[in-house]
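Fold and geometry: a report
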Amino acid sequence: MTDQSTMDGWRTGGSQAHYKALVDSAAAAILVIDDQGIILDANPFTHTLLGYEQQQLIGQDVACLMPPEHRGKHGQYVENYLATGQPNVIGTGRRVNARHRDGRLIPIHLAVSEVWIDERREFIGIMSDLSALTHAQATVQHERNRLKTIIDAIGNPVFVRELGGQYALANRACLQAVGADHVSQLADAFGRALPDGMRDTLNALDHQLTVDGEPVHIDVTLRDGRTFKLAKTLIHHLAGEPYAIVTVAYDATPLLQAMQEAERANQAKSDFLSAMSHELRTPLNSVLGYAQLLLKSPTQMLADDQRQYVDHIHQSGRHLLALINDVLDLAKIEAGQTVLHLTWYPVSALINDAIQTLSPLAERQNVSLQNCLPTEQEGELYVDPTRFKQILINLLSNAVKYNHPQGRVWVDAHTHHDSLTMTVNDTGIGIADDQLDGLFEPFNRLVAEDSLIEGAGVGLAVTYQLVTQMQGEIRVASQQGKGSAFSVTFPYRAKPHSSEPLVAEASDANIRLTQPHRVLYIDQGSHQQRLVSDCFEDWPLLTLHHAHDFSLAEAMTHRLAPSLFIIHGNDLARMPAHWTCLVENKPLITLGAEGQAHCSAATPDIRLQQPVSSTALAAAIQSLLEDRE
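Quick notes on the rules
Residues numbered from 1 in each chain as written. Predicted model: local features only at pLDDT ≥ 70, side-chain atom pairs only at ≥ 80, totals over all residues. Heavy atoms only, no water. Helix = DSSP H or I, 4+ residues; strand = E, 2+ residues; numbered from the N terminus. Buried < 20%, exposed > 50% of the residue type's maximum accessible area, 1.4 Å probe, protein only. Contact = heavy atoms within 4.5 Å. Areas by Shrake-Rupley, 256 points an atom, 1.4 Å probe, with all protein chains shown as cover. Pairing = 2+ DSSP bridges. Core = buried A, V, L, I, M, F, W, Y, C linked by side-chain atoms within 4.5 Å.

Quick word on the overall build of the chain
Scanning the chain for helices and strands turns up 19 helices and 22 strands. Expressed as a percentage of its 629 residues, the buried residues of the chain come to 40%. A separation threshold of at least 6 residues defines the contact pool for the chain, and within that pool the share at least 24 residues apart is 57%. Roughly 34900 Å² of accessible area belongs to the chain as shown, and the carbon and sulfur atoms make up 53% of that amount.

A short note on the pairing of strand β18 (residues 517-522)
For β18, the buried fraction is high: five of the six residues fall into the buried class. Judged from the six bridges that link them, β18 and strand β19 (residues 542-547) form a sheet pairing that is parallel. Across the sheet, arginine 518 pairs through a bridge with threonine 543, a residue of β19.

Structural notes on the environment of valine 96
Looking at the secondary structure, you find valine 96 in strand β3 (residues 94-99). Here valine 96 falls in the partly exposed class, since its relative accessible area comes to 24%. As for valine 96 and isoleucine 106, which are separated by ten residues in sequence, their C-alpha atoms are 8.5 Å apart.

Comments concerning the nonpolar core
With 44 residues, the main nonpolar core has Leu381, Phe388, Leu396, Met422, Val488 and Phe490 as its most contacted residues. When residues of this core are traced back to their parent elements, those giving at least two are α11 (304-334), α12 (347-364), β13 (380-383), α13 (385-401), β14 (408-416), β15 (419-426), α14 (459-469) and β17 (483-493). Here the element with the most residues in this core is α12; it accounts for eight residues. In this view, phenylalanine 490 contacts Leu381, Val383, Phe388, Ile391, Asp418, Ser419, Leu420, Val467, Met470 and Gly472; residues no more than four positions away in its chain are not counted. By size, the runner-up hydrophobic cluster in this structure holds 29 residues, among which are Leu209, Ile218, Val220 and Phe228.

Quick look at the structure:
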């Protein structure tokens, strides 16, 4: 034997040993069969997968490994391939079931290859165990079915939209809400249901959601008049990347209709109370007038007991008239018929006037009534002076009436930035914690319901409504048996150094523009909202749009293209960084933002101090927009 033949023999033997080791160690069952379907060989993993020893399979028809429904068809498969050359499994692969020795079926992936050995056709079958994969897939499918069942059972519309724009899931409530039969029809259904421009707004909100990652809430009114409240949230992959947005909707139409019905009922109640109050007050004034005539008549016309009776009539009539006036005030406020005249007015004058009015009552109740306002805080409040005095008198009279003999009532105050909080303190009977929630409800007298203290439970309700309408705040702290503290907060400015008396500013609040403009006002809840909105009612060429957060403001900016932005100073500090580009070259008015930086050098802006007057606001708008006409 030559050296070369020896080398070839070594190589051949080595290759055979190598292939045998690969086959024997493979984690898949490998069978060799002839063209008659007889098993010629099997590797060790066949026993692991199917339970057969190698010698138990050699010489057997491969059909013994097939499920009953396919066992008789194997020969037909082989004959068809030999006759036509068209493969079914040979040369490809497919997912099938193999029969275990104990009769159970094992899910496998079967790949069959054809080989020729010494002009003899043989087939090699490789079976990979899919039991774990099948179990995992079944588990996933079960969880998907369970999730779909749960989502379908939700009465609120729910749908999932991938970031690429494809709708991936929608429950039955969602499909029914927009008249679709399948999730594939959702895009067209939304197009028919949404009003013009709303789809662009929602797309802008979706984009903002992917940028910020914060959930988004918005109200959407469909073409048919139904209103839905939408909540949008990102869905993330396990790796943390967002891939879809889930939207949960709530049909708020019934609630809004109920609220409208309640408002109409409340309006009817207010109209009734207003009418009845007038009908009662007219004859009552006559009773009081005649009672006064009798009391002022010569003494000899009335006996002492008769004069006492008339005096009781007069006192009771005055008390009843006060109650009717309170009811009439409440009815007018709730009906929106109260006209306020806001102006800067000295704080000390307001407090002194109210205390002087209540001093006789305090003396009769043997209660000390004091003004403890610090001298450095004797500036001015931006209020309706008449209505503020009414508020203060209501609070002071309650503090006196619900006090103890030798008790105290005092008024103090403290400032915070551009506001002043005035507090009416007393050492009276106090209010229990569980009664505070009903404190400002009309006709709710709480602990005084069965007492001899006069009143109808309307004063605090009127006080709350007036404070709210003047863009103020009211709070209460109380401890039963020790007293209460009622605080009201209004815009405030310090007393100027000039010795000249201050009067309300009077100037031209008109705007002379020739083209219509949209103005976007961003304010998350300051007391300026009502004042700014009222100013715009007198400027027909300007349309004010209000956004309570920057995500909604961005969507409205893309949709409305406003000519001017108004931003509350507290919100300016929270403005997202990318908004600098969004408002660049657009006029900006900031409210109460003294000392804060510009958005950018290219953004023309004007800062106004609070509370904003219509004159100052008109001048700022005129200055910023007149060059853009």
